[in-house]
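If you want the building blocks of each chain, they are given just below.
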Amino acid sequence: MRSGSPRSAWLLHCRRVQIMAENSALTPTTGSTSLADSSIFDSKVTETSKENLFIGSTSYVEEEMPQIETRVILVQEARKQEELIKALKEIKVPFVKMESVEELKSLDSPEFENVFIVTDFQDSVFNELYKTDCRVIGPPVVLNCAQKGEPLPFSCRPLYCTSMMNLVLCFTGFRKKEELVRLVTLVHHMGGVIRKDFNSKVTHLVANCTQGEKFRIAVSLGTPIMKPEWIYKAWERRNEQDFCASFDEFRNEFKVPPFQDCILSFLGFSDEEKTNMEEMTEMQGGNYLPVGDERCTHLIVEENIVKELPFEPSKKLYVVKQEWFWGSIQMDARAGETMYLYEKANTPELKKSVSLLSLNTPNSNRKRRRLKETLAQLSRETDMSPFPPRKRPSAEHSLSIGSLLDISNTPESSINYGETPKSCTKSSKNSTPVPSKQSARWQVARELYQTESNYVNILATIIQLFQVPLEEEGQRGGPILAPEEIKTIFGSIPDIFDVHTKIKDDLEDLIVNWDESKSIGDIFLKYSKDLVKTYPPFVNFFEMSKETIIKCEKQKPRFHAFLKINQAKPECGRQSLVELLIRPVQRLPSVALLLNDLKKHTAEENPDKSTLEKAIGSLKEVMTHINEDKRKTEAQKQIFDVVYEVDGCPANLLSSHRSLVQRVETVSLGEHPCDRGEQVTLFLFNDCLEIARKRHKVIGTFRSPHGQTRPPASLKHIHLMPLSQIKKVLDIRETEDCHNAFALLVRPPTEQANVLLSFQMTSEELPKENWLKMLCRHVANTICKADAENLIYTADPESFEVNTKDMDSTLSRASRAIKKTSKKVTRAFSFSKTPKRALRRALMTSQSSVEGRSPSSNDKHVMSRLSSTSSLAGIPSPSLVSLPSFFERRSHTLSRSTTHLI
């Protein structure tokens, strides 16, 4: 007997009627049973099919009957739609027209299975057909089948359209039974399936609140959480043939925002941060009120600033860290509060401080000795080790200046980068043989390795914290950025990381097995081709990468939240992604400077001398290739202005990779870099610090190569100091005798002496705190460290004998004038230097009075220096000089075992 016989068809029809009757009994007017799984119908239909096959296989003796044919009946308005009639002809389905329900009995025939097409699923005709268990579909179903060339689908329930076909929905938070029944009915009319309990097969959760077990499971699984309006709006578009409710563009309009039903308040944030977070709160569906308002549901706390709450929170108020706020935005759903609860910090107070190191005693010798010991301690704590520092045995039991001012314990030394970067898990060799007498060449080589190791760690941070999570598949709430945006931002960072990991490993082997004859230049020559290949694609498009980050951060709240969360981690040292990504732009010029230092301290007979020259040349080729189209005219103009303003400014200040950051007006508080009370201008560049004092006598004007007359130089060059020589930045506490003061502890890399330079800021536009942070950030960039804040230390003025008392008094100014006069008199009666200088000046004067003279060699040098100013950018930039001779003139007055106070 064929499966399509009248007997089997009749049994199938009867079984369908039985299933509908059973299920009608399953769904009475109770709220809980209205969410009965749609899968019940599917399973019973499947059982029916199996039963019919069994009957058909065993009832082979029964007489065969004609096959039942499907027939479409166009009801009322449907019979007037020409497009619908045309579609039925295309799929070759017979149809008849019905004007009223009274014709229903006359159309009943055992030879046909009737399918009724109704345009309105809410009128009386539809209700009558539904009560009699007729098979009802809507016109969009027929049109869709005709478009795809498929037969009409079978559905136990009335099916108007297929816009929710293959979607499995679950509901939570609905208290009104009528609303829930209405939503379930509409989902069924659009082909969707309902699950009473939430499981992995659910594709969407329709939520009326942001709490409950189903909501938390949906957040953890990344299941889209929708508003009820999603179903209503999809039903409004039921007649659109190509519409699907799961389209991202449509669905995203009705996703439940992270802060729906939330009223937030913010504590411990700056005005700018608070305004930004309040705007984000409104964008994400929430509201905000002032701290302490009883209507608030959440209090967001900046845990790094707030140590104690200003009031006792109620039990209904969630007090959470800011990570909950940004994490919710990143996940595009309200995160669970229990993971981010704010806990009151119980940090013990410090028992000792820097001020306790200074004993109040009138004995000046004891003060001087105490100052030497303090600087010596700073010196010992500043020594860089090429390997992670070991913890001192006494660190757990005592607190001293070493623990307060220690910069070696940086986040980089304890970073765990996971599995992504290959060499991140490679451990350093901790048994470094230190030569008995550390040569200058070894010291520079060690600094080269240390900066290379720090640089590799920063690249690993960029990859592990930012790039890998953004590229990860299956992110909650969908991808944060598009693949092309990720490629634009990070470019060839992984390739740069691989190259520098190899360079770092080779340098580490060389440092561990140190020998003066070992070649460092060969290492960079070995990877020169890789550097040429990897750096230009990143550096040349760095501005585009920066613009992409800024644009995506403004336009995509989830990316903004992602940056906020990761940039707050200790691995980043509180630096932004843009600040971290600029490191590759700065690295090659920094390496070139270090190799220049290394060449300077390499003996002529050492075979590495010529190799280093080749390595420096190869690096310059790479930098030239990169920077040809990237020079910024305005930045170069600013540097030229500094050269013109500062008399005697070194020519090597002009460099394509250098830019002016900040200018600060100060007054010297010590004997160096110039006399106490001298007006000193500090020009902060991205890798060096130009120190200049105000000229006492300004003569003449300067004519630029372009013919424009510039004002005379108002400043006199004192010292051009690389930022790598700044070991510590001391923020001097405000006292009655000391205002707006700070100090720099500097040391050349080839000397064991430390120098303390103290200043008082006179600029009112720039706060001292901002200036010190800016200075430390660029020092950290120069030495490739991510923790710039660890370079700033607060100290009492008594500890370093720094004060600003009577700096502007008449007596103080008279004392400085007498001191200057004394120096002039001393120089006038000096038999060692003055006669030579006077004779030279007299000789030049007499020569200039002779007409038709040929220029002397000295004049030629001066003229060539002035005429070649416009081409100074092309001069090879040698290594920045160490502290000049004026720091060394008086170094013999102090013991070499202590820090020099010059």
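Summary of the structure given here. Just so it is clear, the model here is predicted, and its values are computed rather than measured. (Residues numbered from 1 in each chain as written. Predicted model: local features only at pLDDT ≥ 70, side-chain atom pairs only at ≥ 80, totals over all residues. Heavy atoms only, no water.)

What follows deals with the sheet that holds strand β21 (residues 741-746). If you walk across this open sheet you meet the nine strands as β13-β19-β16-β15-β14-β22-β21-β20-β23, and the pairing is mixed. Taken across any chain shown, the strands that pair with only one partner, and hence form the sheet edges, are β13 (646-647) and β23 (792-795). Summarising the sheet, strand β20 (residues 726-732) and β23 pair through four bridges and their orientation is parallel. The partner of isoleucine 732 across the bridge, within β23, is alanine 795. Running over the sheet, helix α25 (residues 768-782) touches β14 (660-668), β15 (679-685), β16 (688-694), β20, β21, β22 (755-761) and β23 and is turned about 170° from β20. (Pairing = 2+ DSSP bridges. Helix = DSSP H or I, 4+ residues; strand = E, 2+ residues; numbered from the N terminus. Contact = heavy atoms within 4.5 Å. Axes fitted to C-alpha atoms, helices over the stretch in contact; angles between N-to-C directions.)

The next thing to look at is the pattern of salt bridges. Tallied over the entire structure, the rule returns 24 salt bridges. For the salt bridge of aspartate 248 with arginine 251, the shortest nitrogen-to-oxygen distance reads 2.9 Å. One end of the pair is aspartate 248 and the other is arginine 251, both in helix α9 (residues 248-251) and three residues apart, which spans about a single turn. On the basis of relative accessibility, which here comes to 47%, the residue aspartate 248 falls in the partly exposed class. One connected set of salt bridges, linked through shared partners, spans Arg441, Glu516 and Asp608. (Salt bridge = Lys/Arg side-chain N within 4 Å of Asp/Glu carboxyl O. Buried < 20%, exposed > 50% of the residue type's maximum accessible area, 1.4 Å probe, protein only.)

For the rest of this paragraph, the subject is the sheet that holds strand β2 (residues 95-98). Taking strand neighbours across the sheet as the criterion, the four strands line up as β2-β1-β3-β4 in an open arrangement whose pairing is parallel. For this open sheet the edge positions go to β2 and β4 (135-137), each flanked by a neighbour on one side alone. With direction set aside, neighbouring strand axes in the sheet form an average angle of 35°. Alignment of strand β3 (residues 112-117) against β4, held across three bridges, turns out to be parallel. Its bridge partner being in β4, isoleucine 117 is matched across the sheet by isoleucine 137.

The next subject is the packing of aromatic side chains. A full pass over the atoms with the stated rule returns 18 aromatic pairs. Judged by centre distance (4.9 Å) and plane angle (90°), the ring pair of phenylalanine 243 and phenylalanine 250 falls under edge-to-face. For the pair phenylalanine 243 and phenylalanine 250, a shared accessibility class is recorded, and that class is buried. Residues phenylalanine 466 and phenylalanine 562 carry aromatic rings whose centres are separated by 6.2 Å and whose planes lie at 80° to one another, so their mutual orientation is edge-to-face. Note that phenylalanine 466 is positioned in helix α14 (residues 440-471) and phenylalanine 562 in helix α20 (residues 557-567), a separation of 96 residues in sequence. Residue classification places phenylalanine 466 among the buried residues on the basis of a relative accessible area of 0%. On the accessibility criterion, phenylalanine 562 (2% relative accessible area) is buried. These aromatic residues form a ring-pair network of at least three members: Phe259, Phe266, Phe269, Trp324, Phe325 and Trp326. (Phe/Tyr/Trp six-rings, centres within 6.5 Å; stacked < 30°, edge-to-face > 60°.)

Before going further, it helps to spend a moment on the environment of threonine 666. Structurally, threonine 666 can be placed in strand β14. Separated by 97 residues in sequence, threonine 666 and serine 763 place their C-alpha atoms 7.2 Å apart. With residues near it in sequence (within four places) discarded, threonine 666 still touches Glu678, Gln679, Val680, Leu682, Phe742, Phe759, Gln760, Met761 and Thr762.

Contact pair helix α18 (residues 528-539) / helix α22 (residues 583-600): the axes reach a minimum separation of 10 Å and the direction vectors enclose 135°. Taken together, the axes of α18 and α22 are oblique relative to one another. Handedness of the crossing formed by α18 with α22: left-handed. Here Leu531, Tyr535, Phe538 and Val539 of α18 lie close against α22, whose contacting residues are Pro584, Val585, Arg587 and Leu588. Residues belonging to the contact of α18 with α22 are distributed by class as follows: seven nonpolar, no polar and one charged. (Parallel < 35°, antiparallel > 145°, perpendicular 65-115°, else oblique. Left-handed = near helix turned anticlockwise from the far one by under 90°. Nonpolar A, V, L, I, M, F, W, Y, C, P; charged D, E, K, R; others polar.)

Moving on: the pairing of strand β1 (residues 69-75). Burial runs high along β1: five of the seven residues are buried. Alignment of β1 against β3, held across six bridges, turns out to be parallel. Bridge pairing in β3 links glutamate 69 to phenylalanine 112. With four bridges joining them, β1 and β2 adopt parallel strand pairing. In the sheet register, isoleucine 73 faces β2, and the bridge partner there is valine 96.

Right, let's talk about the side chain of lysine 255 for a bit. When you line up the elements, lysine 255 lands in the loop between α9 and β9 (263-267). Side chain to side chain, lysine 255 and aspartate 332 meet in a polar contact 3.2 Å long. (Polar contact = N/O pair within 3.5 Å; in protein donor to acceptor, adjacent residues only side chain to side chain.)

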